[in-house]
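Breakdown of the fold
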Amino acid sequence: MNKVFLLLFFQKKKFFLPFTLARRDLRGGLAGLRIVLACLALGVAAIAAVGSLRAGVAEGLARDGAKILGGDIAISGGNQPLPVALGAWLRERGARTSEVVTLRSMLIAPSGDRVLVEVKAVDGAWPLIGRAEVAPAQSMAAALAGGGLLVEPVLRDRLGLKPGEVLKLGRASVVMHGVLEAEPDRVASPSLFGLRAMVGLDLLPQTGLIQPGTIAQYQLRAVLPAGLDAAVVARDIRTKFGDQGWRIRLPGDAAPGLARFIDRTSLFMTLVGLTSLLVGGIGVANGVRAWLEARALSIATLRCLGASGRLVFAVALLQVMALAGLGVLLGLVAGALLPIGAFALLRGVLPVPPVVGVFPAPLALAALYGLLTAAAFALWPLARAMRIPGAALFRDALLPSRVWPPQGGMWWLIAANTLLALALVALTVATAPERHFALWFCAAAVATLALFRAGGWLLMAVARRMRPRLVWLRLGVANLHRPGAATPLLLVSLGIGLSTLAAVALTLGNVRRQVSQQLPERAPSFFFIDIQDSQMPKFRAIMAADPNATDLTEVPSLRARIVSVNGVPAQQVKATPDTSWALRGDRGLTYAGAMPEGTRMVAGQWWPPDYSGKPLLSFDAVLAAGWGVKLGDPIRLNVLGRDITFTVANLRRIDWGTLGLNFTMIASPAPLSQAPHGHIATVRAPEADQARLLRAVTDALPNVSGIRVADVLGAIAGLLEQISVALAATGSLTLAAGGLVLAGAVAAGQRRRIREAVILKTLGATRGQIRAAWLVEFGILGLVAGGIAALVGLAASWAVVVLVMHADWVMLPGTLAAVVLGCVALMLGFGYAGTEAALRAKAAPLLRNE
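Residues numbered from 1 in each chain as written. Predicted model: local features only at pLDDT ≥ 70, side-chain atom pairs only at ≥ 80, totals over all residues. Heavy atoms only, no water.

**Quick look at the environment of L103**
Relative to the helices and strands, L103 resides in strand β2 (residues 96-108). On the basis of relative accessibility, which here comes to 3%, the residue L103 falls in the buried class. (Helix = DSSP H or I, 4+ residues; strand = E, 2+ residues; numbered from the N terminus. Buried < 20%, exposed > 50% of the residue type's maximum accessible area, 1.4 Å probe, protein only.)

**Let's talk about the packing of aromatic side chains**
Enumeration according to the criterion identifies six aromatic pairs in this entry. A ring pair is formed by W89 and F241, whose centres lie 6.1 Å apart and whose planes are at 85°; its orientation type is edge-to-face. One end of the pair, W89, is in helix α5 (residues 84-92); the other, F241, is in helix α9 (residues 230-241), and 152 residues separate them in sequence. Overall, the relative accessible area of 8% leaves W89 in the buried class. Relative accessible area serves as the criterion here: at 16%, F241 is assigned to the buried category. The rings of W89, F241 and W246 are connected pair by pair, giving a single aromatic cluster. (Phe/Tyr/Trp six-rings, centres within 6.5 Å; stacked < 30°, edge-to-face > 60°.)

**Comments concerning helix α22 (residues 687-700)**
A rise of 1.5 Å per residue sets the reference length of α22, with its 14 residues, at 20 Å; its end C-alpha atoms lie 21 Å apart and thus fit the reference within 8%. Among the residues of α22, those classed as buried are D689, Q690, L693, L694, V697 and T698. Summarising the axial view, the buried residues of α22 lie within an arc of 160°, below the 170-degree limit, and thus occupy one face. For α22, the exposed residues set more than 90 degrees away from the buried face come down to A688 and A691. In this fold, the buried residues of α22 make contact with β2, β3 (114-122), β11 (526-532), α19 (536-545), β20 (678-684) and β21 (705-708). (Expected span 1.5 Å × (residues − 1). Arc of directions from axis to C-beta. Contact = heavy atoms within 4.5 Å.)

**Observations concerning a nonpolar patch on the surface**
A contiguous nonpolar surface patch, about 680 Å² in accessible area, is contributed by L326, L329, L330, V333, L337, I340, V356 and V358. Relative to the helices and strands, L326 resides in helix α12 (residues 309-346). You can call L326 partly exposed: its relative accessible area is 35%. (Patch = residues over 30% accessible without salt bridge, like charges linked within 9 Å, V, L, I, M, F, W, Y side chains within 5 Å. Areas by Shrake-Rupley, 256 points an atom, 1.4 Å probe, with all protein chains shown as cover. Salt bridge = Lys/Arg side-chain N within 4 Å of Asp/Glu carboxyl O.)

**Quick look at unusual backbone geometry**
Residue W126 is joined to P127 through a cis peptide bond whose omega torsion reads -5°. The topology assignment puts P127 in the loop between β3 and β4 (133-135). Look at D530: it is not a glycine, yet its phi comes out positive at around 65°. Considering the arrangement of structural elements, one finds D530 in strand β11.

**A few points about the pairing of β2**
Examined bridge by bridge, β2 and strand β9 (residues 216-223) share eight bridges and lie antiparallel to one another. Bridge pairing links S98 to R221 in β9. Where β2 hands over to β3, the hairpin turn is made up of five residues, of which G112 adopts a positive phi near 95°. Pairing between β2 and strand β6 (residues 166-169): two bridges, direction antiparallel. Looking at the pairing, L107 lines up with L169 of β6. (Pairing = 2+ DSSP bridges.)

**Things to note about the pattern of salt bridges**
Considering all chains together, one arrives at 20 salt bridges under this definition. Here E183 ties to K120 by a salt bridge, and the two come within 2.9 Å at their closest N and O atoms. Pair noted here: E183 is in the loop between β7 (172-182) and β8 (195-200) and K120 is in strand β3, with a separation of 63 residues, a long-range link. Both residues of the pair, E183 and K120, belong to the buried class. Residue R561 is joined to D586 by a salt bridge in which the shortest nitrogen-to-oxygen separation is 3.2 Å. Note that R561 is positioned in strand β12 (residues 550-565) and D586 in strand β14 (residues 586-591), a separation of 25 residues in sequence. Here the two residues R561 and D586 agree in accessibility, since each one is buried. Sharing partners across several salt bridges, the network here consists of R104, E118, K120, E152, E183, D185, R186, R196 and R221.

**So, the confidence of the model for the chain**
For the chain, per-residue confidence averages 79 on the pLDDT scale, and 80% of positions sit at 70 or higher. Element-level mean pLDDT values for the chain span from 45 in helix α1 (residues 2-10) up to 93 in strand β5 (residues 148-151). Taken together, the stretch residues 1-13 has pLDDT below 50 and engages in 16 contacts with residues farther than four places along the chain or on a different chain. Note on residues 396-401: pLDDT is under 50 here. Beyond four places in sequence and across chains, it has 16 contacts. (pLDDT = per-residue confidence, 0-100.)

**A short note on the packing of helix α16 (residues 435-465) against helix α17 (residues 471-481)**
For the pair α16 and α17, the least separation of the axes is 8 Å and the interaxial angle reads 140°. Here α17 runs oblique to α16, going by the angle between their axes. Seen from above, α16 lies across α17 with left-handed handedness. Seen from α16, the contacting residues are L459, M460, A463 and R464; seen from α17, they are V477, L480 and H481. (Axes fitted to C-alpha atoms, helices over the stretch in contact; angles between N-to-C directions. Parallel < 35°, antiparallel > 145°, perpendicular 65-115°, else oblique. Left-handed = near helix turned anticlockwise from the far one by under 90°.)

**Quick word on the nonpolar core**
One finds L40, L277, V288, L332, Y369 and L382 to be the most contacted residues of the largest nonpolar core, which totals 42 residues. Elements with a contribution of two residues or more to this core: α3 (34-63), α10 (256-294), α12, α13 (360-387), α15 (411-430) and α16. Here the element with the most residues in this core is α13; it accounts for twelve residues. In this view, L277 contacts L40, G43, V44, I47, Y369, G370 and T373; residues no more than four positions away in its chain are not counted. (Core = buried A, V, L, I, M, F, W, Y, C linked by side-chain atoms within 4.5 Å.)

**Description of the pairing of strand β1 (residues 73-78)**
Across the six residues that make up β1, a large majority, six, are buried. Both β1 and β9 contribute to a ladder of five bridges, which runs antiparallel. Across the sheet, residue I75 finds its bridge partner in β9, namely L220. As paired elements, β1 and strand β10 (residues 247-249) share three bridges and run antiparallel to each other. Across the sheet, residue A74 finds its bridge partner in β10, namely R249.

**Things to note about α17**
Among all positions of α17, only G476, V477, N479 and L480 are buried. In a view along the axis of α17, the buried residues occupy a sector of 150°, so they form one face of it.

**Quick notes on the side chain of K120**
On the basis of relative accessible area, K120 is assigned to the buried category, the value being 3%. Among the polar contacts made by the side chain of K120, one reaches the side chain of E183 at a distance of 2.9 Å. Here the side chain of K120 touches D185 through a polar contact of 2.8 Å, side chain to side chain. Beyond its immediate chain neighbours, meaning those up to four positions away, K120 contacts V100, V101, T102, W126, E183, D185, R196, A197, M198 and V199. (Polar contact = N/O pair within 3.5 Å; in protein donor to acceptor, adjacent residues only side chain to side chain.)

**Quick notes on the environment of I248**
Here I248 shows up in strand β10. In sequence terms I248 and I75 are 173 residues apart; their C-alpha atoms lie 4.6 Å from each other. Contact partners of I248, with chain neighbours within four places excluded, come to I73, A74, I75, A234, I237 and R238.

**Focus: the packing of α19 against α22**
Contact pair α19 / α22: the axes reach a minimum separation of 11 Å and the direction vectors enclose 155°. The angle between α19 and α22 places the two elements in the roughly antiparallel class. In the packing of α19 onto α22, the handedness of the crossing is right-handed. Residues K538, F539, I542 and M543 of α19 touch α22, and the partners they reach there are L693, A696, V697 and A700.

Right, here's the structure in full:
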């Protein structure tokens, strides 16, 4: 310290004095600020890693956009074949074209086993970009020649297929020529509605799968010659062929669903990382407080030698921000390196191969988050050293716990803290893909912090009024409200992380309950699709002949694309994020004269059973609210290539949880009843009879596909398990940050705890009484923090399940109990460690020093 004093007296350049003092003082090491480093590094690393992972996947998607799209431009006709003239028009301009048709059907193995597959029929030009991998190695022409069939590995293993075996696909016999190990234009996704089976486009007519109303997807891809811009070609197609309801995509929009998934996943993970950083910010405040207490004598000496409060504040601020910069740097290094290692592990899981590298933009964003958080949480505790005169510090080696800025002297501190907090909120909202969600997150974070803080104050107020008779219990309760008690800080430390995990666990628990319990009880056993009008009598006869087939329900089925809503083109409709999905692609459409049984009308009236006037539409009330649709508004649909304007006659509340034949749109019979279309039917059957029923239907009606609901629910349940593990791991970051803050809080109070232990032992208290008192303190803290975390988790999960997912919500007592008990166990563990360390301290050195 002598060098510091000399510098204080002889430094001429006062501007550089704070920098010099801060630099010299930092030579003494980082004691007391290691928690600050760890908290910031953890939060920044999480945000940087998520941002880098997202950037790598997004760049991979952009780089491989043409390959994923299958060309420079792709035109989708939905459920309608594209005209031959379109392909000829593209080829006249030097383009290479390829046609692809996808649909679902039943594949029957030689053993008689049958499974739902997603059939992809391709022509000889496929793939235009990239290369398909087939085992055993062969050309695509050879693999698909002579009724050839390629299947993905999972399908081969499930049916036990070998090359050369003959299977049935619709009415055609197909020969399994090999395994399709990789498709250049396929984005990895869960196979909920069928595994991949590939055939030649010329085989499709022989299968008999294409019938009026068949649910299929027709697409034409094209690779353009050099110098021909895809955007110009897309514009020319619309000019030449008019508005046909086609969907034209360019490489930048190769996988919009995937891009939305990446954005939402990264948003969630970034917000979790930001939560960890905010919890770490509390650790920063606590670490700065402990650091200042450890340096109380040094600060007092500087004040007595003439250092102003502003100089002390400037020196401390420079030191803390320098160390914060080091913590941010450590976090950036970890955040940049983690995705590089994760890419290799997740290459088979990620939907597209990511680009491996260092991405400056997400790293810069993470650094900005870290520095803003450090500054926001460090300013107030730093001001405490500036406020207290040297004489007061010499009278008390510990800094007072409550210090407010002096009147008229430091109100700029309050303004600075406010500006930093607003900057954090603005940065979060401005950089989020879904800003309204990010804004709600910020509001919820502030409310949760305030709730835990209020819980701490309430606990201290209650503890002041408690007078237990047992000495150790009285000591434990008194520790909760003693001067300088860190009760609110300890509650927040673990509470935020546990609240995040509780919300995730309760939400997933409710969804899992829906999938595994409620849905199977209410859901049908089968969905049968692509039943033709002429086949309905035979289908009904099969159902009537089976006494175990019950609850048969059937409706007409068409495919329609929304062209405009209330005169606004579909792509320009300002829909809420949770309803915008229905504006993209084809939607199911049916018609009915009488109101379907179980309809929950929200507004309007159903049309008469014999109505034959202008087209009317019964619409989903949730979509209507998301799109701003009211009764009487026009909705224009493209049905079978023809645009028809419908008038909204009524709004319905749909219970999707039944898994029944629910449609967002039900039209009046005219004019759809005269259009070619198929039917969809549902039926219930005991599990033991389901295979026999499926065999009877598909043998008699080869083009009809049966979707077994139990298989779909099983696949969803497996997907949920993967998601739950990923969310729990991500949410644990917040809990880890809370653990660091808790460790810092215990460490910060350790000097005071050692003094108390020495005094109590000197006065005759036993080790058992001291240990019991402190375990009571931490046990109560854990119980209260766990209880508040459980309440926050309940509210958050209810909001997600009921308001966002529109599903039934139930309380899960086991999950709540696990949250509370986990919090108590963690608090007791940290408390016991601190207690044992304090009890090991020798009394004599401290008493001699006092």
